[in-house]
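Below are the chains, spelled out letter by letter.
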Amino acid sequence: MSSEFNELLPVTQDDRVQIWIIGTRDQVVFTMNEFYVRRLATDRVQFTPIIPAPFASGKYMTVLVR
């Protein structure tokens, strides 16, 4: 990964697990909601903001930090 890409993600560099969700905007929002309903994420603030995926045109991404 390039350092430029790392700067785009507002995620701390500690030992917490990260789950990356990449897809169309609708797929990302649906999966975020599904993770919340199934209690994989206890709060929606655990997700980073949805951003365009810099490595795939037309795709979006978010990261769940647990």
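Chains are numbered independently. Their residues run from 1 in the order of the written sequence. Note on the predicted model: pLDDT of at least 70 is required for a residue's local features to be given, and 80 or more for side-chain atom pairs to be given and counted; whole-chain, interface and lining totals, by contrast, use all residues. Computation of side-chain values covers all heavy atoms of the structure but excludes hydrogens and water.

**A short note on unusual backbone geometry**
Link 1 in the chain: One non-glycine residue, R39, adopts positive backbone phi at about 65°.
Link 2 in the chain: Its place among the elements puts R39 in the loop between α2 (25–37) and β2 (51–52).
Link 3 in the chain: Here R39 falls in the exposed class, since its relative accessible area comes to 71%. Strands here mean DSSP runs of E at least two residues long; helices mean DSSP runs of H or I at least four residues long; both are numbered from the N terminus. Each residue is placed in one exposure class: buried if its accessible area under a 1.4 Å probe, protein chains only, is under 20% of its type's maximum, exposed if it is over 50%, and partly exposed if it falls in between.

**Side note on the nonpolar core**
Link 1 in the chain: Within this scheme, the nonpolar core is defined by two criteria: the residues are buried Ala, Val, Leu, Ile, Met, Phe, Trp, Tyr or Cys, and they are joined through side-chain atoms within 4.5 Å. Of all hydrophobic cores here, the largest spans 7 residues; its members are I21, V28, M32, F35, A41, F47 and L64.
Link 2 in the chain: If one sorts the elements of this core by residue count, α2 sits on top with 3 residues.
Link 3 in the chain: Any two residues whose heavy atoms approach within 4.5 Å at even a single point are treated as in contact. Among all residues touching M32, those that are not within four sequence positions of it are I21, F47, I50 and T62.

**Some details on α2**
Link 1 in the chain: Multiplying one less than the number of residues by 1.5 Å gives the expected span of a helix. Here α2 contains 13 residues, and its C-alpha end-to-end distance of 18 Å stays within 8% of the 18 Å for a straight helix at 1.5 Å per residue.
Link 2 in the chain: Of the residues making up α2, those classed as buried are V28, T31, M32 and F35. Projected down its long axis, α2 shows its buried positions confined to an angular sector of 105°, all on one face. For α2, the exposed residues set more than 90 degrees away from the buried face come down to D26, F30 and V37.
Link 3 in the chain: On its buried side, α2 packs onto β1 (18–23) and β3 (60–65).
Link 4 in the chain: One or two residues past the end of α2 sits R39, with phi positive at roughly 65°. Each C-beta atom gives one direction from the helix axis, and the arc is the one those directions make.

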